[in-house]
Every structure is written in structure tokens, then in C-alpha cells.
Amino acid sequence: DFSMVDPDNRRPVDFERLRTLLDDDRSWSERLAGWQDGGVKQAVIRHVLRYRGLRASLFREGAYEPLTLAGSHARSGLAYIRRHQAETAVVLVSRLAAPLLRHESGLPRVSPELWKDTATLLPPGSPSEWVDVVTGRRVSARDKDAMRALDTLTEVAVAILAPEYPGRAPDAAQ
């Protein structure tokens, strides 16, 4: 779906198909294989909104601090941290990544190994263990000061990392 807006209000919305995608239990690799159906976007939105609902004060009142990316492809990513009281979340997204895409794969994501040494630099005192609330993957920071993009952007082009995920953590299939 290459619509410029979501949903594209120039044509009827297929609400039944969108509802079906909400219950989609395919793995991330299965979703990516058929990424044109909108399932990847729908799953990312579902997990982000679930986490935002569980941590409303973090997103409503939390401080926003840009983070520095370092390494070969630092320009192809963007990261920031949200903090409020004891709550923390790191958001990492790819951007300007077209030169890194493997066009033969047909997938709309950078293969993890192509990120090479690119890493998000974390503030002092940051946790060393994180959970990606989008994919459910556990991620470790190197020496507590940086998270490698090849460890965080493994499935999709966005990661929202939390020291812990309250409630039911998403499994890797969702």
C-alpha cells in the first residue's frame, strides 16, 4: 500500500481487512515477506499504541532528549530517549536508508549486518538490558554505553526499547 495518507480518504477503507490484520499472528519474517499488505505497519502501530497506553505519563510528560548515533551509517538513523520519573524508553528509527537497502531482497528494511558499526550512544547510567516493545526481542547494550543498530533494527525499521515491558510482553511472532 503506497498511499500517501493512512487511510487514503479518496477510496473506501477496507475495515474488515484491517480488523483481520489486528489479529495477525504471523512472525515478523512472514509479515515482511508480504509487507505490501500493510501487516507490518499495522503490527508496529498496534505494539506502539499498546505500550503508549501502558506508559501514558512517559509519553505525555516525559522529557525528550535526542541521542547521538555513531558509526559508518549514523546519518541513516535517528534516536531519542524519553524519561519521566523511573520510566525510560529509547526510540530508534532508520531514515535516509535507501542506499543501504538490498534491492534484490525486495524487503523495506536494511539487513542488520549492513549497519556495521552504527550504534546509538546512551546516556550515562542507562540500563544494559532492554526489550523492544515492537518485536519482543531482548537487546543488550555494549558496555552500557551504546546499542548497535544491527542488534536493534533486526526485523523492522523502528525499535522502541524499554528496560522492562509491563504487562504481557509481545512475543517474537507478534
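Residues numbered from 1 in each chain as written. Predicted model: local features only at pLDDT ≥ 70, side-chain atom pairs only at ≥ 80, totals over all residues. Heavy atoms only, no water.

Focus: the packing of helix α1 (residues 15-22) against helix α3 (residues 39-54)
Heads up, the rule is: For helices, the fitted axis covers only the stretch in contact; all axes are lines through C-alpha atoms, and the angles between them, taken along N-to-C directions, range from 0 to 180 degrees. Counting from the N terminus, the helices are the DSSP runs of H or I reaching at least four residues and the strands are the DSSP runs of E reaching at least two. The labels follow the angle: roughly parallel below 35 degrees, roughly antiparallel above 145, roughly perpendicular from 65 to 115, and oblique for the rest. If you view the pair so one helix is near and one far, a crossing is left-handed when the near helix is turned anticlockwise from the far one by less than a right angle, and right-handed when it is turned clockwise. Pairs of residues are marked as contacts when any of their non-hydrogen atoms sit within 4.5 Å. Charged residues are taken to be Asp, Glu, Lys and Arg, nonpolar residues to be Ala, Val, Leu, Ile, Met, Phe, Trp, Tyr, Cys and Pro, and polar residues to be all remaining types, Gly included.
Running from N to C, α1 and α3 cross one another at 60 degrees; their axes reach a closest spacing of 9 Å. As the angle between them shows, α1 and α3 are arranged oblique. Considering how the two elements wind past one another, α1 and α3 form a crossing that is right-handed. Contacts between α1 and α3 involve Leu18, Leu21 and Leu22 from the former and Gly39, Gln42 and Arg46 from the latter. Partitioned by chemical class, the residues of the contact of α1 with α3 number three nonpolar, two polar and one charged.

Structural notes on the confidence of the model for the protein chain
What counts here: Residue-level confidence of the predictor, termed pLDDT, takes values from 0 up to 100.
Per-residue pLDDT for the protein chain averages 83, and the proportion of residues at 70 or more is 87%. Across residues 167-174, confidence stays below pLDDT 50; counting only partners more than four residues off in sequence or on other chains, it has 24 contacts.

Notes on α3
To keep things clear, this is the line we draw: Residue count minus one, scaled by 1.5 Å, sets the expected span of a helix. For each residue, the accessible area found with a 1.4 Å probe, counting protein chains only, is set against the maximum for its type, and the residue is called buried under 20%, exposed over 50%, and partly exposed in between.
Compared with the 22 Å implied by 1.5 Å per residue over 16 residues, the 23 Å span of α3 between its first and last C-alpha is a close match. Listing the buried residues of α3 in full gives Gly39, Val40, Gln42, Ala43, Val44, Arg46, His47 and Tyr51. Against α1, α2 (28-33), α4 (56-61), β4 (87-94) and β9 (158-162) lie the buried residues of α3.

Topic: the sheet that holds β9
Definition in use: Only strands that DSSP links by at least two bridges are regarded as paired with each other.
Pairing in this open sheet of six strands is antiparallel, and the strands run β1-β3-β4-β9-β6-β7 from one edge to the other. Of all the strands in the sheet, the pair left with one neighbour each is β1 (63-67) and β7 (138-140). Pairwise comparison of adjacent strand axes, ignoring direction, gives a mean angle of 30 degrees for this sheet. As defined by bridge partners, strand β3 (residues 77-84) adjoins β4 across eight bridges and the pair is classed as antiparallel. Bridging from a neighbouring strand, Arg82 pairs with Ala89 of β4. In the packing of α3 onto the sheet, contacts are made with β4 and β9, and the angle to β9 comes to roughly 25 degrees.

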